[in-house]
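Next come the chains, spelled out residue by residue.
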Amino acid sequence: MVKTALVTGASAGFGKAIAEKLTADGYKVIGAARRWDRLQVLRDELGKDCFFPLQMDVSKTQEIDQALASLPQDWQAVDLLVNNAGLALGLDKAYEADFKDWQTMIQTNIIGLTYLTHQILPQMVERNAGLIINLGSTAGTVPYPGGNIYGASKAFVKQFSLNLRADLFGTQVRVTNIEPGLCEGTEFSNVRFKGDNQRVEQLYQGAHAIRPQDIAETVAWISRQPEHLNINRIEIMPVSQSFGPQPVHRD
Ligand code: 8X3
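Residues numbered from 1 in each chain as written. Predicted model: local features only at pLDDT ≥ 70, side-chain atom pairs only at ≥ 80, totals over all residues. Heavy atoms only, no water.

Naming follows an unreviewed UniProt entry, where the chain appears as NAD(P)-dependent oxidoreductase of Streptococcus pantholopis. UniProt's Sequence similarities (unreviewed entry) comment on the chain is quoted here verbatim: "Belongs to the short-chain dehydrogenases/reductases (SDR) family." (UniProt positions renumbered as here; feature names shortened; annotations may be inferred.)

Check the secondary structure of the chain and you find eight helices and seven strands. Whereas a compact globule of 251 residues would reach a radius of gyration of roughly 18 Å, the chain reaches 18 Å, a difference of no more than 12%. On the principal axes, the C-alpha backbone points of the chain span a range of 65 × 40 × 35 Å. Burial status across the chain gives 49% buried among its 251 residues. Pairs at least 24 apart in sequence give 69% of the contacts found in the chain among residues at least 6 apart. (Helix = DSSP H or I, 4+ residues; strand = E, 2+ residues; numbered from the N terminus. Rg over C-alpha atoms; globule rule 2.2 N^0.38 Å. Buried < 20%, exposed > 50% of the residue type's maximum accessible area, 1.4 Å probe, protein only. Contact = heavy atoms within 4.5 Å.)

Right, let's get into the site of the ligand. Residues in contact with the ligand, as listed here, are Ser-137, Ala-139, Tyr-144, Tyr-150, Pro-180, Gly-181, Phe-188 and Arg-192. Between the ligand and Ser-137 there is a distance of 2.6 Å, counted from an oxygen atom to a side-chain nitrogen or oxygen. Residue Tyr-144 places a side-chain N or O atom 2.5 Å away from an oxygen atom belonging to the ligand. Here the ligand, which alone exposes 240 Å², has 85% of that area covered by the protein. Among the residues making up the shell around the ligand, the classes are represented as five nonpolar, two polar and one charged. (Near = heavy atom within 4 Å. Polar contact = N/O pair within 3.5 Å; in protein donor to acceptor, adjacent residues only side chain to side chain. Areas by Shrake-Rupley, 256 points an atom, 1.4 Å probe, with all protein chains shown as cover. Nonpolar A, V, L, I, M, F, W, Y, C, P; charged D, E, K, R; others polar.)

Right, let's get into the sheet that holds strand S3 (residues 51-55). The parallel open sheet is built from seven strands, whose spatial order is S3-S2-S1-S4-S5-S6-S7. Two strands in the sheet have a free side with no partner beyond their single neighbour: S3 and strand S7 (233-236). Adjacent strand axes in the sheet meet at a mean angle of 15°, parallel and antiparallel pairs treated alike. For strand S4 (residues 80-83) and strand S5 (residues 131-135), the ladder comprises four bridges, and the chain directions are parallel. Residue pairing across strands places Val-82 opposite Ile-133, the latter belonging to S5. Helix-sheet contacts for helix H2 (residues 36-46) involve strand S2 (28-33) and S3, and the interaxial angle to S3 is about 175°. (Pairing = 2+ DSSP bridges. Axes fitted to C-alpha atoms, helices over the stretch in contact; angles between N-to-C directions.)

Here the structure, examined in full by the defined rule, presents ten salt bridges. The shortest N-O distance in the salt bridge between Asp-57 and Lys-60 comes to 3.0 Å. Ionic pairing is found between Asp-214 and Arg-211, a salt bridge with its closest N-O pair at 2.8 Å. By sharing partners, the salt bridges in this structure join Lys-21, Asp-25, Glu-217 and Arg-224 into a single network. (Salt bridge = Lys/Arg side-chain N within 4 Å of Asp/Glu carboxyl O.)

With that settled, the discussion passes to the environment of Ala-67. By the element assignment, Ala-67 lies in helix H3 (residues 61-69). Owing to a relative accessible area of 5%, Ala-67 belongs among the buried residues under this scheme. Among all residues touching Ala-67, those that are not within four sequence positions of it are Leu-54, Gln-55 and Met-56.

Moving on to the environment of Ala-152. Take Ala-152: it is sitting in helix H5 (residues 148-168). Ala-152 sits in the partly exposed class, given a relative accessible area of 42%. In sequence terms Ala-152 and Asp-79 are 73 residues apart; their C-alpha atoms lie 28 Å from each other.

This is how it looks when you write it as structure tokens:
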């Protein structure tokens, strides 16, 4: 039976690569994003039988409700939910950061992700089947200067993923948190640095960072695991990235 996936943030970066990979693997994919024109291009590329464009801003719970209610009958049963939409804004120290940026990250990375999950979860439990893949980050485990709310939101996503499994004990519904490190080929850093493309270029120069296709492959691999296995967490970094020493400030 053909399975249906719902992928948020599907218009670019990870989400687009995941939508492309899952349709190639035989899924019907609902691609959710704000940018309708990009979703239409993706529908033309993937075909209307394989890809259903769903315009919604995941940070607005009302839009999530309206979008889900607009799904045609044969696209309503979601077998795989990929909570990919999320963002980082700024890399400023907490005492210099713009609180509006913090609110936007919390609204998208936490409220949006949890609300959509809350709306989809009951149908999965009812069918006693389903897989939720959340996009966390190494920033949810490794603190770094300027990571403040972004990292905290991804720590939330990690613990939320694990706690979901705790609640889903006894069901066949599975949950995985993917935690990538430095990634390129997405709009992530352009958004974080608010269009400072020189800073973005410097960040990725020679880094051979994770690419969207790598994450799409990971999603596909998780989705192919036998039903008796739950992949709890996957942490992925490029070989060029590693861990740092703990800094000690001296007088
Ligand atoms: C992306 C990884 O290191 O830019 O979530 O925070 S990092």
